[in-house]
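Here is what each chain is made of, one letter per residue.
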Amino acid sequence: MTMTSPIKAPEPGRPSTPHRAARRPSRFRPGAGKQLQGGPFAYIALIVVGIGSLLPLYWTLVAASHTQDEVLATTPPFLPGGRLLHNLDAAWNQAHLGKAIVNSVVVSSCITAATLFFCTLAGYAFAKMRFTGRSALMTGVIATLTIPPQLSVVPLFMMMSDIGWGGKLESVIFPTLVSAFGVFFMRQYLIEALPYELIEAAKIDGANNFRIVRSMVLPVARPAMMVLGMLTFVQAWNDFFWPYLALNQQNPTLQVALGQLSASYTPDQSIVMAGALISTLPLLVVFVIFGKQIVGGIMSGAVKG
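This write-up is about the structure you can find in this document. (Residues numbered from 1 in each chain as written. Predicted model: local features only at pLDDT ≥ 70, side-chain atom pairs only at ≥ 80, totals over all residues. Heavy atoms only, no water.)

For the rest of this paragraph, the subject is the overall build of the chain. Looking only at helices and strands, one finds 14 helices and 0 strands in the chain. Listing the helices and strands of the chain from first to last along the sequence gives α-α-α-α-α-α-α-α-α-α-α-α-α-α. Counting every position in the chain, which comprises 305 residues, the buried fraction comes to 31%. A fraction of 72% describes how many contacts in the chain between residues 6 or more apart in sequence connect residues 24 or more apart. (Helix = DSSP H or I, 4+ residues; strand = E, 2+ residues; numbered from the N terminus. Buried < 20%, exposed > 50% of the residue type's maximum accessible area, 1.4 Å probe, protein only. Contact = heavy atoms within 4.5 Å.)

Let us look at the packing of helix 4 (residues 97–128) against helix 13 (residues 254–261). Closest axis-to-axis distance for the helix 4/helix 13 pair is 8 Å, and the angle between their directions is 150°. Classed by the angle they form, the pair helix 4 and helix 13 counts as roughly antiparallel. In this structure, helix 4 uses L97, A100, I101 and S104 to contact helix 13, whose residues at the interface are L254, A257 and L258. Residue classes in the contact of helix 4 with helix 13 are distributed as 6 nonpolar, 1 polar and no charged. (Axes fitted to C-alpha atoms, helices over the stretch in contact; angles between N-to-C directions. Parallel < 35°, antiparallel > 145°, perpendicular 65-115°, else oblique. Nonpolar A, V, L, I, M, F, W, Y, C, P; charged D, E, K, R; others polar.)

Space inside the largest pocket adds up to approximately 1000 Å³. Around the largest pocket sit 33 residues that line it, and P149, P175, T176, S179 and Q235 are the ones nearest its centre. Of all the secondary structure elements, the ones that give two or more residues to the lining of the largest pocket are helix 4, helix 6 (153–163), helix 8 (180–193), helix 11 (222–238) and helix 12 (241–246). The residue makeup of the lining of the largest pocket, split by class, is 21 nonpolar, 11 polar and 1 charged. (1 Å grid on protein atoms, 1.4 Å probe; cavity = no way out; pocket = protein on both sides within 12 Å on 5 of 7 lines; lining within 4 Å. Points joined across faces, edges and corners; volume = space filled by probe spheres on them.)

Packing of helix 4 against helix 8 leaves a shortest axis separation of 7 Å and a crossing angle of 50°. When the axis of helix 4 is compared with that of helix 8, the two are oblique. The chirality of how helix 4 crosses helix 8 is right-handed. Along the contact surface, helix 4 presents C119, T120, A122, G123, Y124, F126, A127 and K128, while helix 8 presents G182, V183, M186, R187, L190 and I191. The residue inventory of the contact of helix 4 with helix 8, partitioned by class, reads 9 nonpolar, 3 polar and 2 charged. (Left-handed = near helix turned anticlockwise from the far one by under 90°.)

Evaluation of the coordinates by the stated rule reveals 1 cavity of 30 Å³ or more. The calculated volume of the largest cavity comes to roughly 30 Å³. Lining the largest cavity are F157, M160, S161, W165, G166, G167, S171, W242 and A246. Contributions of two or more residues to the lining of the largest cavity are made by helix 6 and helix 12. In terms of residue count, helix 6 provides more of the lining of the largest cavity than any other element does, 3 residues in total. Partitioning the lining of the largest cavity into residue classes produces 5 nonpolar, 4 polar and no charged.

Nothing here speaks to function; it is all geometry.
So, in structure tokens, the structure goes:
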């Protein structure tokens, strides 16, 4: 005969619980939250990617510092030579790169500033403002990304000619003051980074939309604006197709002027590489300056959910 322990009756007002509750699996693993340490494979992969990324720039430097015969030899050189300054001076004078650089700086700066301003305002409107037709308009903006830019070249060229901007920098700046990608990018960022509660609190305090944009939207959107600004500047700086059609040889951008170096029957490849090196150096400076600001903006302007 087996003896069983009496079952204790539950206290009044207290729900009965099983004798041993099932343990829930923990969502946190041992070591969660710690910084991951890379192994040898990670370092090898990073070294290979870094070398592959720097190799084109290094070859441009090597080719720009040698003669054309040395560059086109069966065994090309692998170390920089002593003709770098000579080739840079030749490229500068042959393509008139001084005026071309000024034009590229003006065009890229204006396009970047306008894109950041208009895309941030449009992104905030699509992300946080409620109005009729918002979804349909956003769908139309996204649909424009699927249209090849080459389809609009002929009507855009005719429009610029009718306005009287043929061969002027305005014909390159104004058609690209806002981009569909920029609007979509800022909208997606502000949806997560800017809570509705902050906007409602500002409206209760009497702030209008322009005050909200100036005091809340711009500080919160600063990291995304830095990324978009850098991408826009690089794209405008490297653009060749539309400036080549819209401008003339007397008023070119840098990429159009570099195209003149290789337009001859037998172009000097070393001088062409020297011109390409000149066009790359401003981008490296912009990347170094804005890269630090992007990291600082993400650390100081991020909004926790």
